[in-house]
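Chain by chain, the residues run as shown.
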Amino acid sequence: MSEVFSASAVDTATESADLARARDGDGGAFTRLVEPLRRELHAHCYRMLGSTHDADDALQDALLRAWRGLGRFEGRSTLRSWLYTVATRTCLDIVHNRGRRALPMDLGPASDRAVVGDTPLTDVAWLGPYPDAGLGSGPATPDARYEQREAVELAFVAALQHLPGNQRAALLLFEVLGFSAAEIAETMNTSTTSVNSALARARRIVAEKIPSPTQQRTLRDIDDARLREIVAYYSAALERGDADALVALLTEDVTWSMPPMPHWYRGIEAVTDFAVRVPLTTCGSWRHLPTGANGQPAVACYLWNDDAGAHLGWSINVLTLRGEHIAGLTSFIGGDHFTTFGLPASLP
């Protein structure tokens, strides 16, 4: 036990020394201070903004603000809490300027039949996927209500997009990061009463939009081998063009959406019609790699391209499960997602 206390004291002393050096303009010391927190700060920015690329920009801007404003850090809170304050304020500026991100179901009703030749909507800010690599497990702090992986699930992040920036920030800081209402009030330059009011409204809206149980609870009830089977069977059905095998994996009320395509489908008949008329027959040859996104199982889909002579990255398909069946398919189309996920751009 004394060794643990000794190591902790050394870590604290090292952080204090680096903080003093950083205040004197030592960029290397500042990097050492923020590097252990970079991944969790990035996830916070994604939760606020619904886009990995926006999260990249927000975190870069926040760390620049923190570096320039380090002299104003008085040490009344931990460095981690102060950095979250800077990151949250940065994200609130972006939310104010850019608005919220959407999924196809936010724009209109589901289509009953396949829309062949659907074209992307480029004037919509679309919700994007988030790679699982480096995501923590369990709550971020003892006071947090949501697990870290629960707080990046698609349903949760999509629900957050329906909240004004101040409610979004209050909910994340309180429920995901375990900040007190008083700390949040200081972060957002408002009163504790306003924070509590924002929390009440945010909880009500989010509760209406998030299905129960969460994906983390569902996944805990499925053993790893069975989960790998579901992902493999889904991939194989698409590669073989096997509609029956695909349908056997789906719930009766399954949904399939494909941002940035505006049309989406609900129910086994509509989804089957789309699958048979588009990905299973007319798209061409598919190959797949298993991956993870938003704390959920996912599949990286590669489509054959004659000009390239290879299968090129086409979409990241995030699977939402209910029991051992797929209740939701969200296909995030775009080769840029593959770079974010550290996946190859093509398969030979």
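Residues numbered from 1 in each chain as written. Predicted model: local features only at pLDDT ≥ 70, side-chain atom pairs only at ≥ 80, totals over all residues. Heavy atoms only, no water.

*Asks:* Quick question: what am I supposed to make of the overall build of the protein chain here?
*Replies:* For the protein chain, the helix and strand inventory stands at 14 helices and seven strands. The C-alpha atoms of the protein chain give a radius of gyration of 22 Å, which matches the 20 Å a tight globule of 348 residues would have. Dimensions along the principal axes, computed over C-alpha positions, put the protein chain at roughly 65 × 45 × 45 Å. Expressed as a percentage of contacts within the protein chain between residues at least 6 apart in sequence, the contacts between residues at least 24 apart total 65%. By element, 51% of the accessible surface of the protein chain is carried by carbon and sulfur atoms, the whole surface being about 16,400 Å². With 32 positive and 42 negative side-chain charges, the protein chain shows a spacing of 5 Å between the two charge centroids. (Helix = DSSP H or I, 4+ residues; strand = E, 2+ residues; numbered from the N terminus. Rg over C-alpha atoms; globule rule 2.2 N^0.38 Å. Contact = heavy atoms within 4.5 Å. Areas by Shrake-Rupley, 256 points an atom, 1.4 Å probe, with all protein chains shown as cover. Lys, Arg positive; Asp, Glu negative; His and termini not counted. Charge placed at Lys NZ, Arg CZ, Asp CG, Glu CD.)

*Asks:* Whenever I open this one, the pairing of strand 4 (residues 296–305) confuses me. Can you help?
*Replies:* Consecutive side chains along a regular strand alternate between the two faces of the sheet. Across the 10 residues that make up strand 4, a large majority, eight, are buried. Pairing of strand 3 (residues 286–293) with strand 4 involves eight bridges; the strand directions are antiparallel. Its bridge partner being in strand 4, T291 is matched across the sheet by A298. Between strand 3 and strand 4, which pair antiparallel in sequence order, lie two residues; one of them, N294, sits at a positive phi of approximately 55°. Linking strand 4 back to strand 5 (residues 310–322) in an antiparallel pair, the connection comprises four residues, with G309 at a positive phi of about 65°. (Buried < 20%, exposed > 50% of the residue type's maximum accessible area, 1.4 Å probe, protein only. Pairing = 2+ DSSP bridges.)

*Asks:* I keep staring at the confidence of the model for the protein chain and nothing clicks. Help me out?
*Replies:* If pLDDT is low for a region, its predicted coordinates should not be looked at in detail. On average, residues of the protein chain score 93 in pLDDT, and 97% of them are at 70 or above. A low-confidence stretch, residues 2–8 (pLDDT under 50), is modelled with zero contacts involving residues beyond four sequence positions or located in other chains. (pLDDT = per-residue confidence, 0-100.)

*Asks:* How should I be thinking about helix 2 (residues 27–34) in this particular structure?
*Replies:* Every α-helix carries 3.6 residues per turn, so stepping three or four residues along brings you back to the same face. Turning to helix 2, its buried residues are A29, F30, L33 and V34. Projected onto a plane normal to the axis of helix 2, the buried residues spread over an arc of 125° and lie on a single side. Between the side-chain oxygen of the N-cap and the backbone nitrogen of G28 there are 3.0 Å, and the N-cap of helix 2 in question is D26. (Arc of directions from axis to C-beta. Polar contact = N/O pair within 3.5 Å; in protein donor to acceptor, adjacent residues only side chain to side chain.)

*Asks:* Teacher, can you tell me more about the side chain of D54 here?
*Replies:* In this structure, D54 sits in helix 4 (residues 52–68). Reaching out from D54, the side chain makes a polar contact with the side chain of R101 at a distance of 3.0 Å.

*Asks:* What is the right way to read the environment of L103 from this model?
*Replies:* By the element assignment, L103 lies in the loop between helix 5 (79–98) and helix 6 (154–160). Residue classification places L103 among the buried positions, given a relative accessible area of 9%. As a C-alpha pair, L103 and L127 span 24 residues in sequence and 6.0 Å in three-dimensional space. The residues contacting L103, other than those within four sequence positions of it, are W126, L127, A158, P259, T330 and F332.

*Asks:* Please clarify how the pattern of salt bridges should be interpreted in this entry.
*Replies:* Side chains that differ in charge, positive against negative, can pair when their charged atoms come close. This structure, assessed with the given rule, holds 18 salt bridges. Between R145 and E175 there is a salt bridge whose closest N-O contact spans 3.2 Å. With R145 in the loop between helix 5 and helix 6 and E175 in helix 7 (residues 165–176), this pair connects stretches of sequence that are 30 residues apart. Taking the relative accessible area as the measure of exposure, R145 reaches 55% and is therefore exposed. Looking at E175, the relative accessible area reads 4%, which means it is buried. Bridged by salt links that share partners, the residues D18, R21 and R32 form one connected network. (Salt bridge = Lys/Arg side-chain N within 4 Å of Asp/Glu carboxyl O.)

*Asks:* Looking at this structure, I do not really get the pairing of strand 1 (residues 250–257). What am I missing?
*Replies:* By the criterion of burial, strand 1 is predominantly enclosed, with six of the eight residues buried. Note: strand 1 against strand 6 (residues 325–333), four bridges, orientation parallel. Residue pairing for strand 6: W256 is matched across the bridge by L329. In this structure, strand 1 lies alongside strand 2 (residues 264–266), joined through three bridges in antiparallel fashion. Looking at the pairing, W256 lines up with Y265 of strand 2.

*Asks:* Would you mind going over the nonpolar core with me for this structure?
*Replies:* Generally speaking, soluble globular proteins have nonpolar side chains that are buried together. In terms of nonpolar packing, the biggest core is built from 72 residues, with W82, L83, F156, L171 and I316 touching the most fellow members. If you tally residues by element for this core, the top one is helix 5, at nine residues. Every residue in contact with I316, bar those within four places of it in the chain, is listed here: A293, A298, V299, A300, T330, S331, F332, H337, F338, F341 and L343. (Core = buried A, V, L, I, M, F, W, Y, C linked by side-chain atoms within 4.5 Å.)

*Asks:* What is the right way to look at the packing of aromatic side chains in this model?
*Replies:* For any pair of aromatic rings, the description rests on two quantities: the centre-to-centre distance and the angle between the ring planes. Counted according to the given criterion, the structure contains eight aromatic pairs. An angle of 80° between the planes, with centres 5.2 Å apart, marks the rings of W256 and F274 as edge-to-face. Of this pair, W256 sits in strand 1 while F274 sits in helix 13 (residues 268–277), and the two are 18 residues apart along the sequence. Owing to a relative accessible area of 3%, W256 belongs among the buried residues under this scheme. (Phe/Tyr/Trp six-rings, centres within 6.5 Å; stacked < 30°, edge-to-face > 60°.)

*Asks:* Can you help me understand unusual backbone geometry in this one?
*Replies:* Glycine aside, residues mostly have negative phi angles, and peptide bonds mostly take the trans form. That bond from S212 to P213 is cis: its omega, 0°, falls within 30 degrees of zero. Along the polypeptide, P213 turns up in the loop between helix 9 (192–209) and helix 10 (215–220). The backbone phi angle of N189 is positive, close to 55°, even though this residue is not glycine. Within the secondary structure, N189 is located in the loop between helix 8 (181–187) and helix 9. Judged by its relative accessible area of 66%, N189 is exposed.

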